[in-house]
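Structural description and commentary
Chain residues, written in single-letter form:
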Amino acid sequence: MKQITSLNEMVAFVHDTKLKQKSIGFVPTMGYLHEGHRALIKDARKENDIVVLSIFVNPTQFGPNEDFAKYPRDMKRDRDIATAEQVDILFTPTVQEMYPVQPLRVSLQAGKAARELCGASRPGHFDGVLTVLLKLFMLIQPARAYFGMKDAQQVAVVEGMVHEYFLPVTIRKVATVREEDGLARSSRNVRLTSEERKEAPVLYESLQFVRQYYDAHPHLTVDVLEAEWLRFLEEKLRFGSIDYARILSFPELQKPTFKGPQLAALAVRYSAARLIDNLLWEEE
Ligand code: AMP
């Protein structure tokens, strides 16, 4: 595995790879790699000649009072994991090279789907996500890019950009990887206290509850369903506080018609980490 930090070197590598007519599979991450990231890398490894993994904690997707400075980082460990997963290129650009001009002269604004869920609690977050991904897609020119369904709203927003701006990349979606007790793997899980960690599987339990409740009462309105879900969560949460728990159509993220894919998504705040999870199901 080769680690590349300079943009020029990355451009030269991509140029050379294209000349050799090799396909690039790209896995964008913020590092502190875990089993969820590994699943993305494994899929990329299967489907492409060259796998590029980026690790970049992107400042433009963090709000002023968010955890940018405290986001967990461990490059040595990440390098070992990337090597074990047979990554070809570990791309670790600097903030200075990724954002040479501050403020940006041209900025991206995510559309309607980005205003719900995490977009409502984290204004500007998806604008930052799209900005960095467009830069990375232009630099790396991947045939395929791999995203986890754990961040389902991110998938919806990124697929929107790819579709609407005719970007020549295929978005591959990878199922959420969980701990044995159901907690979705996340780099932020290490920031939970031991009591919070014990409680955290409740997020996924509540998603299964709402899904089963819907199956048992298919004629309920979404408002009643969400209220039942909140009641379930409020009863079980001692340490966490609910940011949102919503059911929306996917990928539009609008009020559901209960036709086509539905996304139940929630976010819960703990003392030093905000956790998200979701469940997607298809209605006939
Ligand atoms: P992050 O480093 O948290 O920005 O995540 C990088 C990529 O890994 C994103 O596409 C995430 O959706 C994906 N990812 C993170 N956690 C998981 C997980 N538990 N299962 C599957 N994919 C994940």
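Preceding this section is the structure that the text describes.
Everything in this summary refers to the structure shown in the same document. (Residues numbered from 1 in each chain as written. Predicted model: local features only at pLDDT ≥ 70, side-chain atom pairs only at ≥ 80, totals over all residues. Heavy atoms only, no water.)

**Here we look at the overall build of the protein chain**
- Tallying secondary structure elements over the protein chain gives 10 helices and nine strands in all.
- Rg of the C-alpha trace for the protein chain: 19 Å, near the compact-globule value of 19 Å for 284 residues, within the 12% margin.
- Here the C-alpha coordinates of the protein chain stretch approximately 55 × 40 × 40 Å along the principal axes.
- Taking all 284 residues of the protein chain together, the buried fraction comes to 51%.
- Considering only contacts in the protein chain between residues 6 or more positions apart, those separated by 24 or more positions represent 72%.
- Total accessible area on the protein chain stands at roughly 14,100 Å², and carbon and sulfur atoms take up 51% of it.
- Side-chain charges of the protein chain comprise 37 positive and 38 negative groups, with the mean position of each set lying 4 Å from the other. (Helix = DSSP H or I, 4+ residues; strand = E, 2+ residues; numbered from the N terminus. Rg over C-alpha atoms; globule rule 2.2 N^0.38 Å. Buried < 20%, exposed > 50% of the residue type's maximum accessible area, 1.4 Å probe, protein only. Contact = heavy atoms within 4.5 Å. Areas by Shrake-Rupley, 256 points an atom, 1.4 Å probe, with all protein chains shown as cover. Lys, Arg positive; Asp, Glu negative; His and termini not counted. Charge placed at Lys NZ, Arg CZ, Asp CG, Glu CD.)

**Section: the environment of Q141**
- One can find Q141 in the loop between α6 (125-140) and β5 (144-148).
- Relative accessible area serves as the criterion here: at 40%, Q141 is assigned to the partly exposed category.
- Taking C-alpha positions, Q141 is 8.6 Å from F26, a pair spaced 115 residues apart along the chain.
- Contact partners of Q141, with chain neighbours within four places excluded, come to V14, K18, I24 and L136.

**Some thoughts on the packing of aromatic side chains**
- Enumeration according to the criterion identifies seven aromatic pairs in this entry.
- On the basis of an interplanar angle of 70 degrees and a centroid distance of 5.4 Å, the ring pair of F62 and F68 is categorised as edge-to-face.
- Its relative accessible area of 10% is what places F62 among the buried residues.
- The partly exposed category is assigned to F68, whose relative accessible area is 28%. (Phe/Tyr/Trp six-rings, centres within 6.5 Å; stacked < 30°, edge-to-face > 60°.)

**Some details on the sheet that holds strand β7 (residues 241-249)**
- An order of β7-β8-β9 is seen for the three strands of this open sheet, with the pairing classed as antiparallel. Lying at the two open borders of the sheet, with one neighbouring strand each, are β7 and β9 (274-283). Going from strand to strand, the sheet's axes swing by 10 degrees on average, the running direction of each strand aside.
- Strand direction decides the pairing type here: β7 and strand β8 (residues 260-269), joined by eight bridges, are antiparallel. Across the sheet, residue A245 finds its bridge partner in β8, namely L266.
- In this fold helix α10 (residues 222-236) packs onto β7 and β8, with an angle of close to 150 degrees to the strand it touches most, β7. (Pairing = 2+ DSSP bridges. Axes fitted to C-alpha atoms, helices over the stretch in contact; angles between N-to-C directions.)

**Side note on the nonpolar core**
- The biggest cluster of nonpolar side chains holds 49 residues, and the ones touching the most others in it are M10, V52, F91, F137, I140 and V158.
- Broken down by element, this core gets its largest block of residues, nine residues, from α6.
- Each residue touching M10, except ones within four places of it in the same chain, is listed here: I4, V52, I89, F91 and I140.
- V202, Y204, L207 and A245 belong to the second largest nonpolar core, which has 25 residues in total. (Core = buried A, V, L, I, M, F, W, Y, C linked by side-chain atoms within 4.5 Å.)

**Digging into the environment of Q154**
- Along the chain, Q154 falls in helix α7 (residues 152-164).
- For Q154, a relative accessible area of 18% gives the class buried.
- In sequence terms Q154 and A113 are 41 residues apart; their C-alpha atoms lie 9.4 Å from each other.
- Contacts of Q154, omitting those with residues within four sequence positions, involve F126, V129 and F147.

**Re the pairing of β5**
- With four of five residues buried, β5 lies mostly within the body of the structure.
- Where strand β2 (residues 24-29) meets β5, two bridges bridge the pair, whose relative direction is parallel. Looking across to β5, one finds that G25 is bridged to R144.
- Strand direction decides the pairing type here: β5 and strand β6 (residues 170-174), joined by five bridges, are parallel. Along β6, the bridge assignment pairs A145 with I171.
- With α7 bridging β5 and its parallel neighbour β6, the resulting β-α-β unit is right-handed. (Right-handed = clockwise from strand over helix to strand, strands pointing away.)

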